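A closer look at the structure
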Amino acid sequence: HGQEHGHGQEHGHGGGHGHAGIVALLRDCDLVVGGGMGRRIRDDLAAAGIRTVITDIPGVDDVIEAARQDRLVNVSDGCAPH
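Residues numbered from 1 in each chain as written. Predicted model: local features only at pLDDT ≥ 70, side-chain atom pairs only at ≥ 80, totals over all residues. Heavy atoms only, no water.

Thoughts on the pairing of strand S3 (residues 31-34)
Side chains Val-32 and Gly-34 of S3 all project onto a buried face; the interleaved residues Leu-31 and Val-33 project onto a face where none is buried. The sheet contact formed by S3 and strand S4 (residues 51-54) spans four bridges and is parallel. Residue Gly-34 lies in a different strand from S4, and its bridge partner there is Ile-54. Between the parallel pair S3 and S4, the chain is carried across by helix H2 (residues 39-47), and the sense of this crossover is right-handed. (Buried < 20%, exposed > 50% of the residue type's maximum accessible area, 1.4 Å probe, protein only. Helix = DSSP H or I, 4+ residues; strand = E, 2+ residues; numbered from the N terminus. Pairing = 2+ DSSP bridges. Right-handed = clockwise from strand over helix to strand, strands pointing away.)

Given below as C-alpha cells:
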C-alpha cells in the first residue's frame, strides 16, 4: 500500500524509499526528537551520526529543557505508523 507523506514522496512499504534528502537537511544536527518514527529513518540518521530519541514529552519547550538536563530517554523502539 502506498501512502503520501508530508515530505512529498509516495512509497510502498516494500522499499524504494530513501531518506537521503531528510538526512542531508539534518546533517548539522546532533539529535532528532520525535513522538515516533520508523526504523528505517532512525537507522539512516544513526548512520549519519545523528542520535534519535522517541519521547512522550508533549511540548517543544519541555523537550528542550529535558535535553539540556540530559533527561531525554527513549520511551519506545520508535516504530510508528507513518
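As for the pattern of salt bridges
Scanning all chains against the criterion turns up one salt bridge. For Asp-43, the salt bridge is made with Arg-39, and the minimal N-O distance between the two is 4.0 Å. With Asp-43 and Arg-39 both in helix H2, this residue pair falls four residues apart, about one helical turn. For Arg-39, a relative accessible area of 39% translates into the label partly exposed. (Salt bridge = Lys/Arg side-chain N within 4 Å of Asp/Glu carboxyl O.)

What to know about the nonpolar core
Counting seven residues, the largest nonpolar core consists of Val-23, Val-32, Met-37, Ile-41, Leu-45, Ile-50 and Ile-54. Leave out the neighbours within four places in its chain, and Ile-41 touches His-19, Ile-22 and Val-23. (Core = buried A, V, L, I, M, F, W, Y, C linked by side-chain atoms within 4.5 Å. Contact = heavy atoms within 4.5 Å.)

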